[in-house]
Amino acid sequence: MKVFIVSDMEGVAGIVKWQQTDGKEEKRAYHEGRELYTEEINAAVRGAKAAGATEIVVMDCHGAGEEWTFNSLIPDKLDPDCEFVVQNDWTEYTEFLEQGVDAALFVGMHAKAGTPDGVMSHTVSGQAWRNLEFNGLSVGETGINAALCGHWDCPVLLVTGDVAVCREAKALLGSDLTTVAVKKGLGRFSARQFPPLRARPMIEDGAQKALQDLRAVPPYDPGRPCEIKIEFTTVDRLVEYRNRRGTEQVDDLTLVSRAGDWWTAWSQFYF
(Lines give C-alpha, C1' and ligand atoms only; values in the text may rest on other atoms or scores of the structure.)
Protein backbone atom coordinates (compact mmCIF):
# COMPACT_ATOMS: atom_id res chain seq x y z
CA MET A 1 0.00 0.00 0.00
CA LYS A 2 1.38 3.39 -1.06
CA VAL A 3 0.49 6.35 1.16
CA PHE A 4 1.01 10.06 0.56
CA ILE A 5 1.17 12.27 3.67
CA VAL A 6 0.49 15.92 2.88
CA SER A 7 1.34 18.18 5.79
CA ASP A 8 0.83 21.77 6.86
CA MET A 9 1.82 23.53 10.04
CA GLU A 10 -1.03 25.73 11.27
CA GLY A 11 -3.27 22.82 12.26
CA VAL A 12 -0.73 21.23 14.62
CA ALA A 13 -1.52 20.99 18.34
CA GLY A 14 0.26 23.77 20.23
CA ILE A 15 0.48 26.16 17.26
CA VAL A 16 -1.66 29.30 17.33
CA LYS A 17 0.61 32.22 16.32
CA TRP A 18 2.34 33.26 13.10
CA GLN A 19 5.66 33.40 14.94
CA GLN A 20 5.47 29.61 15.32
CA THR A 21 5.11 29.06 11.57
CA ASP A 22 7.27 31.80 10.01
CA GLY A 23 10.95 31.05 9.49
CA LYS A 24 11.95 34.43 8.08
CA GLU A 25 13.14 35.88 11.37
CA GLU A 26 14.68 32.73 12.82
CA LYS A 27 12.71 33.07 16.02
CA ARG A 28 12.81 30.42 18.72
CA ALA A 29 9.04 29.99 18.43
CA TYR A 30 9.38 28.79 14.83
CA HIS A 31 11.89 26.11 15.71
CA GLU A 32 9.68 24.92 18.56
CA GLY A 33 6.83 24.81 16.02
CA ARG A 34 8.96 22.66 13.71
CA GLU A 35 9.39 20.12 16.49
CA LEU A 36 5.63 19.94 17.08
CA TYR A 37 5.04 19.70 13.33
CA THR A 38 7.53 16.89 12.71
CA GLU A 39 6.16 14.77 15.53
CA GLU A 40 2.60 14.94 14.21
CA ILE A 41 3.87 13.81 10.81
CA ASN A 42 5.66 10.95 12.55
CA ALA A 43 2.41 9.96 14.24
CA ALA A 44 0.71 9.66 10.85
CA VAL A 45 3.66 7.64 9.51
CA ARG A 46 3.39 5.22 12.44
CA GLY A 47 -0.34 4.83 11.85
CA ALA A 48 0.21 4.19 8.15
CA LYS A 49 2.86 1.57 8.91
CA ALA A 50 0.54 -0.16 11.37
CA ALA A 51 -2.12 -0.27 8.65
CA GLY A 52 0.25 -2.03 6.28
CA ALA A 53 1.73 0.77 4.21
CA THR A 54 4.81 -0.35 2.28
CA GLU A 55 5.77 3.03 0.81
CA ILE A 56 5.15 6.34 2.56
CA VAL A 57 6.07 9.72 1.10
CA VAL A 58 5.67 12.95 3.08
CA MET A 59 5.19 16.24 1.23
CA ASP A 60 5.82 19.33 3.35
CA CYS A 61 3.31 21.94 2.16
CA HIS A 62 4.04 24.70 4.66
CA GLY A 63 5.35 27.91 3.14
CA ALA A 64 7.43 29.42 5.93
CA GLY A 65 9.21 31.99 3.81
CA GLU A 66 12.62 32.29 2.19
CA GLU A 67 14.83 29.20 2.50
CA TRP A 68 12.32 27.53 4.81
CA THR A 69 9.51 27.43 2.24
CA PHE A 70 8.14 23.87 2.00
CA ASN A 71 11.01 22.73 4.18
CA SER A 72 9.76 23.18 7.73
CA LEU A 73 9.91 19.63 9.05
CA ILE A 74 13.09 18.48 10.80
CA PRO A 75 14.71 15.82 8.62
CA ASP A 76 16.83 14.08 11.26
CA LYS A 77 13.80 13.68 13.54
CA LEU A 78 11.55 12.25 10.83
CA ASP A 79 10.50 8.59 11.07
CA PRO A 80 13.05 6.58 9.02
CA ASP A 81 10.34 4.46 7.42
CA CYS A 82 9.17 7.30 5.17
CA GLU A 83 10.67 9.47 2.47
CA PHE A 84 10.03 13.21 2.23
CA VAL A 85 9.78 15.83 -0.46
CA VAL A 86 11.05 19.42 -0.41
CA GLN A 87 9.36 21.43 -3.15
CA ASN A 88 10.33 24.75 -4.64
CA ASP A 89 6.72 25.65 -5.55
CA TRP A 90 3.59 24.34 -3.88
CA THR A 91 1.78 21.58 -5.82
CA GLU A 92 4.69 21.12 -8.23
CA TYR A 93 5.55 17.59 -7.04
CA THR A 94 3.28 15.06 -8.74
CA GLU A 95 5.59 12.14 -9.57
CA PHE A 96 4.43 9.90 -6.70
CA LEU A 97 0.78 10.55 -7.55
CA GLU A 98 1.42 9.85 -11.22
CA GLN A 99 2.89 6.46 -10.29
CA GLY A 100 -0.32 5.53 -8.46
CA VAL A 101 -1.01 6.11 -4.76
CA ASP A 102 -3.58 4.21 -2.72
CA ALA A 103 -4.45 6.96 -0.23
CA ALA A 104 -3.53 10.40 1.08
CA LEU A 105 -3.44 11.53 4.70
CA PHE A 106 -3.56 15.27 5.44
CA VAL A 107 -1.86 16.35 8.68
CA GLY A 108 -1.90 19.78 10.33
CA MET A 109 -4.47 21.40 8.04
CA HIS A 110 -6.13 24.77 8.70
CA ALA A 111 -9.48 26.27 7.69
CA LYS A 112 -10.04 28.51 4.70
CA ALA A 113 -9.91 32.31 4.78
CA GLY A 114 -12.77 33.95 6.64
CA THR A 115 -13.62 31.01 8.91
CA PRO A 116 -14.55 32.62 12.26
CA ASP A 117 -13.42 29.71 14.45
CA GLY A 118 -10.52 28.66 12.23
CA VAL A 119 -7.16 28.85 14.00
CA MET A 120 -4.82 30.88 11.76
CA SER A 121 -7.38 30.56 8.97
CA HIS A 122 -6.27 31.67 5.50
CA THR A 123 -6.14 30.45 1.91
CA VAL A 124 -2.72 30.29 0.22
CA SER A 125 -1.78 33.82 1.31
CA GLY A 126 -3.45 35.40 4.30
CA GLN A 127 -2.51 38.83 2.99
CA ALA A 128 -3.48 38.37 -0.67
CA TRP A 129 -6.30 35.82 -1.17
CA ARG A 130 -9.78 36.57 0.14
CA ASN A 131 -11.69 33.69 -1.44
CA LEU A 132 -11.08 30.72 -3.73
CA GLU A 133 -13.75 28.79 -5.63
CA PHE A 134 -13.74 25.65 -7.73
CA ASN A 135 -16.78 25.65 -10.01
CA GLY A 136 -18.57 28.01 -7.66
CA LEU A 137 -17.73 26.14 -4.44
CA SER A 138 -15.66 28.01 -1.88
CA VAL A 139 -12.64 25.95 -0.80
CA GLY A 140 -9.45 26.28 1.18
CA GLU A 141 -6.08 24.60 1.05
CA THR A 142 -7.60 21.25 1.99
CA GLY A 143 -9.60 21.53 -1.23
CA ILE A 144 -6.51 22.39 -3.26
CA ASN A 145 -4.55 19.43 -1.91
CA ALA A 146 -7.54 17.11 -2.31
CA ALA A 147 -8.01 18.20 -5.93
CA LEU A 148 -4.31 17.63 -6.59
CA CYS A 149 -4.55 14.08 -5.24
CA GLY A 150 -7.90 13.46 -6.89
CA HIS A 151 -6.61 14.38 -10.33
CA TRP A 152 -4.50 11.21 -10.12
CA ASP A 153 -7.33 9.16 -8.54
CA CYS A 154 -5.88 9.23 -5.05
CA PRO A 155 -8.50 9.52 -2.27
CA VAL A 156 -8.00 11.57 0.88
CA LEU A 157 -8.90 9.39 3.86
CA LEU A 158 -7.72 11.47 6.84
CA VAL A 159 -7.62 15.16 7.75
CA THR A 160 -6.19 16.43 11.04
CA GLY A 161 -6.18 19.95 12.40
CA ASP A 162 -8.65 22.10 14.30
CA VAL A 163 -12.40 21.55 14.61
CA ALA A 164 -13.08 24.07 11.84
CA VAL A 165 -10.94 22.39 9.18
CA CYS A 166 -12.31 18.96 10.10
CA ARG A 167 -15.81 20.33 9.56
CA GLU A 168 -14.74 21.95 6.28
CA ALA A 169 -13.11 18.74 5.07
CA LYS A 170 -16.14 16.57 5.80
CA ALA A 171 -18.40 19.03 4.01
CA LEU A 172 -16.13 18.83 0.96
CA LEU A 173 -15.12 15.16 0.92
CA GLY A 174 -18.02 13.42 2.67
CA SER A 175 -19.10 12.18 6.06
CA ASP A 176 -17.05 8.97 5.78
CA LEU A 177 -13.81 10.94 5.89
CA THR A 178 -11.81 10.26 9.06
CA THR A 179 -10.89 13.44 10.91
CA VAL A 180 -8.86 14.13 14.04
CA ALA A 181 -9.41 17.49 15.73
CA VAL A 182 -6.49 18.35 18.00
CA LYS A 183 -7.74 21.83 18.94
CA LYS A 184 -10.83 24.04 18.91
CA GLY A 185 -10.51 27.64 17.84
CA LEU A 186 -11.54 30.36 20.28
CA GLY A 187 -10.58 33.01 17.74
CA ARG A 188 -8.09 33.23 14.91
CA PHE A 189 -5.07 33.14 17.24
CA SER A 190 -6.33 31.24 20.25
CA ALA A 191 -7.52 27.71 20.87
CA ARG A 192 -8.38 25.08 23.43
CA GLN A 193 -6.03 22.20 22.58
CA PHE A 194 -4.98 18.68 23.40
CA PRO A 195 -1.37 18.45 24.60
CA PRO A 196 0.91 17.15 21.85
CA LEU A 197 1.59 13.94 23.79
CA ARG A 198 -2.14 13.21 23.60
CA ALA A 199 -2.72 14.56 20.09
CA ARG A 200 -0.07 12.35 18.47
CA PRO A 201 -1.60 9.00 19.53
CA MET A 202 -4.94 10.34 18.29
CA ILE A 203 -3.41 11.03 14.87
CA GLU A 204 -1.63 7.67 14.79
CA ASP A 205 -4.86 5.87 15.61
CA GLY A 206 -6.82 7.96 13.09
CA ALA A 207 -4.33 7.17 10.31
CA GLN A 208 -4.42 3.45 11.03
CA LYS A 209 -8.22 3.35 11.10
CA ALA A 210 -8.60 5.51 7.99
CA LEU A 211 -6.48 3.13 5.93
CA GLN A 212 -8.63 0.11 6.75
CA ASP A 213 -11.03 1.02 3.93
CA LEU A 214 -9.38 2.57 0.89
CA ARG A 215 -12.77 3.12 -0.75
CA ALA A 216 -14.42 4.97 2.13
CA VAL A 217 -13.96 8.33 0.38
CA PRO A 218 -13.90 8.75 -3.42
CA PRO A 219 -11.11 10.81 -5.02
CA TYR A 220 -12.10 14.47 -5.16
CA ASP A 221 -12.78 16.00 -8.58
CA PRO A 222 -14.07 19.62 -8.61
CA GLY A 223 -15.75 18.92 -11.96
CA ARG A 224 -15.05 18.99 -15.68
CA PRO A 225 -14.75 21.50 -17.20
CA CYS A 226 -13.38 23.48 -14.28
CA GLU A 227 -13.44 27.18 -13.44
CA ILE A 228 -11.18 28.45 -10.67
CA LYS A 229 -12.03 31.87 -9.28
CA ILE A 230 -9.72 33.83 -6.99
CA GLU A 231 -10.80 36.96 -5.14
CA PHE A 232 -7.87 39.05 -3.92
CA THR A 233 -7.75 41.45 -1.01
CA THR A 234 -6.20 44.35 -2.96
CA VAL A 235 -5.65 45.34 -6.58
CA ASP A 236 -1.87 45.08 -6.38
CA ARG A 237 -2.00 41.43 -5.30
CA LEU A 238 -4.15 40.58 -8.31
CA VAL A 239 -1.55 42.09 -10.65
CA GLU A 240 0.92 39.35 -9.68
CA TYR A 241 -1.24 36.80 -11.55
CA ARG A 242 -3.06 38.91 -14.13
CA ASN A 243 -0.89 38.23 -17.18
CA ARG A 244 -0.51 34.50 -16.73
CA ARG A 245 -1.79 32.28 -19.50
CA GLY A 246 -5.41 31.24 -19.36
CA THR A 247 -6.50 33.85 -16.84
CA GLU A 248 -9.26 36.43 -17.22
CA GLN A 249 -9.73 39.44 -14.99
CA VAL A 250 -13.45 39.82 -14.30
CA ASP A 251 -13.28 42.84 -11.99
CA ASP A 252 -10.73 44.83 -9.98
CA LEU A 253 -10.20 42.06 -7.44
CA THR A 254 -11.15 38.84 -9.23
CA LEU A 255 -9.44 36.49 -11.67
CA VAL A 256 -10.73 33.28 -13.23
CA SER A 257 -8.93 30.39 -14.89
CA ARG A 258 -10.90 27.94 -17.03
CA ALA A 259 -9.90 24.60 -18.55
CA GLY A 260 -11.18 21.12 -19.23
CA ASP A 261 -10.00 19.82 -15.84
CA TRP A 262 -8.86 21.17 -12.49
CA TRP A 263 -5.15 20.48 -12.90
CA THR A 264 -4.94 22.37 -16.18
CA ALA A 265 -6.94 25.30 -14.81
CA TRP A 266 -4.75 25.42 -11.69
CA SER A 267 -1.43 25.04 -13.51
CA GLN A 268 -2.05 27.69 -16.11
CA PHE A 269 -2.39 30.48 -13.59
CA TYR A 270 -0.47 29.25 -10.53
CA PHE A 271 2.82 28.31 -12.19
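The text that follows walks through the structure, step by step, so that each part is easy to find. Note that the structure is predicted; figures quoted are calculated from it, not measured.

## Quick notes on the overall build of the protein chain
Right, on to step 1. Helix and strand counts for the protein chain come out as 7 helices and 12 strands.
Right, on to step 2. The principal-axis extents of the C-alpha atoms in the protein chain amount to approximately 50 × 40 × 30 Å.
Right, on to step 3. Taking all 271 residues of the protein chain together, 55% fall into the buried category.
Right, on to step 4. By sequence separation, contacts in the protein chain at least 24 residues apart represent 70% of the contacts at least 6 residues apart.
Right, on to step 5. Of the roughly 11300 Å² of accessible surface on the protein chain, a fraction of 47% belongs to carbon and sulfur atoms.

## Examining the pattern of salt bridges
Right, on to step 1. Applying the stated rule across the entire model yields 13 salt bridges.
Right, on to step 2. Here lysine 77 ties to glutamate 35 by a salt bridge, and the two come within 2.9 Å at their closest N and O atoms. On the criterion of sequence distance, the pair formed by lysine 77 in the loop between β2 (55-60) and β3 (83-85) and glutamate 35 in helix α1 (residues 28-50) is long-range, its members being 42 residues apart.
Right, on to step 3. Glutamate 35 gets classed as partly exposed once you look at its relative accessible area, which sits at 33%.
Right, on to step 4. Note that glutamate 248 and arginine 258 form a salt bridge whose closest N and O atoms lie 2.6 Å from each other.

## Some thoughts on the environment of threonine 264
Right, on to step 1. Looking at where threonine 264 falls in the secondary structure, it is placed in helix α7 (residues 262-270).
Right, on to step 2. Distance in space between the C-alpha atoms of threonine 264 and cysteine 226 is 8.7 Å, their sequence separation being 38 residues.

## A word on the pairing of strand β10 (residues 226-232)
Right, on to step 1. Among the 7 residues of β10, 5 are classified as buried, and the element is accordingly described as predominantly covered.
Right, on to step 2. Here 5 bridges tie strand β5 (residues 129-134) to β10, and the two strands are oriented antiparallel to one another. In the sheet register, phenylalanine 134 faces β10, and the bridge partner there is isoleucine 228.

## Some points on the nonpolar core
Right, on to step 1. Ranked by size, the top nonpolar core spans 88 residues in total, and within it Phe4, Trp129, Ile228 and Trp262 carry the most contacts.
Right, on to step 2. In terms of residue count, α1 provides more of this core than any other element does, 8 residues in total.
Right, on to step 3. Those residues in contact with tryptophan 262, other than ones at most four positions away along the chain, are Phe134, Ile144, Ala147, Leu148, Pro222, Cys226 and Ile228.

Procedures and definitions
Residues numbered from 1 in each chain as written. Predicted model: local features only at pLDDT ≥ 70, side-chain atom pairs only at ≥ 80, totals over all residues. Heavy atoms only, no water. Helix = DSSP H or I, 4+ residues; strand = E, 2+ residues; numbered from the N terminus. Buried < 20%, exposed > 50% of the residue type's maximum accessible area, 1.4 Å probe, protein only. Contact = heavy atoms within 4.5 Å. Areas by Shrake-Rupley, 256 points an atom, 1.4 Å probe, with all protein chains shown as cover. Salt bridge = Lys/Arg side-chain N within 4 Å of Asp/Glu carboxyl O. Pairing = 2+ DSSP bridges. Core = buried A, V, L, I, M, F, W, Y, C linked by side-chain atoms within 4.5 Å.

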